[in-house]
Amino acid sequence: MLIKNGNVVIFENDDVKVKKLDIRVNGSIIEKIDEKLDEIKGEKVIDATDKVVMPGLINTHAHIAMSIFRGTFEGCDLYTWLSEKIWPIEDKLTEEEVYNATMVSILEMISTGTTCVNDHYFFSKQIRKALEESKMRAVITRVLMDNDGEEASDKRINEFVELYESRNKANNLITYTVAPHGLYTCSGKVLSKSRELALKYNLPIHVHFLESINEIQSIKELHNNTGANVLKKYFNGLHLILAHGVKISDDDIEVLKSLDCGIAHCPISNLRLGCKIADTTKYLEESINVALGTDGQGSGNNLDMFEAMKIAGLIQGGIHENEKRITAKDVIKMGTINGARLLGLDDKIGSIEVGKEADIIIVDISKKLDNIKITPNVDIISNIVYNMDGRSVDTTIVSGEILMENRNVKVIDTKKVLKK
Ligand SMILES: [Zn+2]
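Chains are numbered independently. Their residues run from 1 in the order of the written sequence. Per-residue local features of the predicted model are confined to residues with pLDDT of at least 70, and side-chain atom pairs are confined, for both listing and counting, to 80 or more; whole-chain, interface and lining totals are unaffected and use all residues. As a rule here, side-chain values cover all heavy atoms of the structure and leave hydrogens and water aside.

Caption draft 1: Fine view of helix 4 (residues 150-165). For helix 4, with 16 residues, the first-to-last C-alpha span of 22 Å sits near the 22 Å given by 1.5 Å per residue. All of the buried residues along helix 4 are Ser153, Arg156, Ile157, Phe160, Leu163 and Tyr164. With its buried residues spanning 125° around the axis, helix 4 presents them on a single face. Of the residues in helix 4, the exposed ones pointing more than 90 degrees away from the buried face are Glu151, Lys155 and Asn158. Close packing links the buried residues of helix 4 with helix 3 (124-134), strand 8 (137-140), strand 9 (174-176) and helix 5 (188-201). Numbering goes from the N terminus for both helices and strands, where a helix is a DSSP run of H or I of at least four residues and a strand is a run of E of at least two. In this scheme, a helix's expected span is set at 1.5 Å multiplied by one less than its residue total. Type-normalised accessible area, obtained with a 1.4 Å probe on protein chains alone, sets the label of each residue: buried when under 20%, exposed when over 50%, and partly exposed for intermediate values. Note that the arc is computed from the directions linking the helix axis to the C-beta atoms. Note on contacts: a residue pair qualifies if any of its non-hydrogen atoms lie within 4.5 Å across the two residues.

Caption draft 2: View of the nonpolar core. Of all hydrophobic cores here, the largest spans 109 residues; its most connected members are Leu231, Leu256, Ile332 and Ile384. Counting residues per element, this core draws most heavily on helix 2 (residues 95-112), which supplies 8 residues. Here this core spans two domains, since at least three of its residues come from each of domain 1 (2-55 + 351-409) and domain 2 (57-342). In contact with leucine 256, other than residues within four places in its own chain, are Phe209, Ala228, Leu231, Leu242, Ile248, Cys261 and Ile288. Joining through side-chain atoms within 4.5 Å is the link that ties buried Ala, Val, Leu, Ile, Met, Phe, Trp, Tyr and Cys residues into a set, and such a set is a nonpolar core. Counting residues in each nonpolar core, the second largest holds 17 residues, with Val8, Ile46, Ala48 and Ala358 among its members. Boundaries between domains were set according to an automatic or database domain assignment.

Caption draft 3: Looking closely at the side chain of glutamate 215. For glutamate 215, the location among the structural elements is in helix 6 (residues 213-223). Buried and unpaired, glutamate 215 has no salt bridge, with lysine 247 as the nearest side chain of opposite charge at 10 Å. At 2.8 Å, the side chain of glutamate 215 forms a polar contact with the backbone nitrogen of leucine 210. Setting aside residues no more than four positions away along its own chain, glutamate 215 makes contact with Tyr79, Tyr184, His208, Phe209 and Leu210. Charge assignment: positive for Lys and Arg, negative for Asp and Glu; neither His nor the chain ends contribute. Any Lys or Arg side-chain nitrogen located within 4 Å of an Asp or Glu carboxyl oxygen qualifies as a salt bridge. Two N or O atoms form a polar contact when they lie within 3.5 Å of each other; inside protein one atom must be a possible hydrogen donor and the other a possible acceptor, and for residues adjacent in sequence the pair counts only when both atoms belong to side chains.

Caption draft 4: A look at the pattern of salt bridges. Using the criterion set out here, one finds 28 salt bridges in the structure. Salt bridges linked by common partners bring Glu12, Lys17 and Lys19 together as one network.

Caption draft 5: Representation of the sheet that holds strand 6 (residues 57-62). The criterion for strand pairing is that DSSP finds at least two bridges linking the strands in question. Within the open sheet, the 4 strands sit side by side as 6-7-8-9. Their pairing is parallel. With partners counted over all chains shown, the strands left at the sheet margins are strand 6 and strand 9, one partner each. Sheet twist, expressed as the mean angle between neighbouring strand axes with direction ignored, is 15°. Sheet analysis places strand 8 next to strand 9, joined by 3 bridges and oriented parallel. Following the sheet pairing, isoleucine 140 is matched in strand 9 by tyrosine 176. All axes are obtained by fitting lines to C-alpha atoms, using only the stretch in contact for helices, and the reported angles, taken between N-to-C directions, cover 0 to 180 degrees.

Caption draft 6: Spotlight on the domain arrangement of the chain. In terms of domains, the chain is made up of domain 1 (2-55 + 351-409) and domain 2 (57-342). Using C-alpha coordinates to define each centre, domain 1 is positioned 28 Å away from domain 2. Contacts between the two partners involve 31 residues from domain 1, matched on the other side by 26 residues from domain 2. Two parts lose some accessible area (1.4 Å probe) when they are put together, and adding that loss for both gives the buried area. Summing the contributions of domain 1 and of domain 2, the shared interface buries around 2,400 Å²; its carbon and sulfur component is 69%. The interface formed by domain 1 and domain 2 contains 4 salt bridges. Here lysine 135 and glutamate 401 are joined by a salt bridge, their closest N and O atoms 3.2 Å apart. Summed over the shared surface of domain 1 and domain 2, the result is 8 residue pairs in polar contact (both at pLDDT 80 or more). Where the side of domain 1 that touches domain 2 is concerned, the elements lending two or more residues are strand 1 (2-12), strand 2 (15-26), strand 5 (51-55), strand 14 (360-364), helix 15 (380-386), strand 15 (393-398) and strand 16 (401-405). Looking at the side of domain 1 that touches domain 2 residue by residue, the class counts come to 18 nonpolar, 5 polar and 8 charged. Three classes are used: nonpolar for Ala, Val, Leu, Ile, Met, Phe, Trp, Tyr, Cys and Pro, charged for Asp, Glu, Lys and Arg, and polar for all others, with Gly counted as polar.

See below:
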């Protein structure tokens, strides 16, 4: 496949540039990038004139089956929302509902430019089935916790083991994490078991971490320690994907710097549940990796990573008055290459580079009324972060396979999914 005449977003020595380039994809891999590549007879050609060609967006924290809760339970704090609203209903969800809700989310991701998602849920075989059918890239798990007793906890551990052991080894698009729900919902027993599983299968840990103020006290009551020290006690030496990280203190930062970890920042979910604002400017200054997530639609509203980028950039101005803070270039890296690093996949995805897999999105920037928000387009990077949304994406490619072209989703029967 040849993608020609595009304005290609490239990462060069910490900088982000947009260059007119052609890209050749051979199978799943980006084989060549040059100013001009001649067409090879018979190859698929995508003309990206008046389009931006950029790495697919990477959603590093979501619960994709939660599309079923979109627009519900307005105005709750995190603890009320989870314990009184979400958990009682989740107990009643069926496998079929999780499959259908996942399909809605996959449509949402493909059509808004997300090419990889890090999921955190249950009935995960149904989630995997939907992802495999749609040829999406994803990191999945079966969430572990024991705040409702040992029997339920053991069942979850068995389901995780069964999920992992039954993986399709030929499918390189789906990888796994071990996912204790949070340090306030998991005793030392489950955290130790999580460590054991992560070491046994060589997997990262994906855990909710310091999302809200109440969590600091809950962790102290359960573990008699700070969240960062609990991470160090149970997960030292493992790769950690920490969802949220809103309430990280300066002391916590020092501990986190000694661990192999990064933050999946979910600004929209944090604002909707009144959790305040993670200081991502400071985390990046302290060399802690920060990537972006949407969280589930129950709290994050939708899976449009362009919205996540915009809000992530803007809200730093809400906590840094007249100070240096993250830029649009930082934000676009948070949505792509930082996400790949956080998921441990940066040797494969996250940037448009020779040798990486072709996870690429193509965004229309032609002069037309629908693009009035980006006119005049003097700074493409700024416009991507602050003035575009997922509907601007016209083509989505995962591992060299075109999942959507000219806004037609090719891998899913859209009408059928919407009807279900
Ligand atoms: Zn979450």
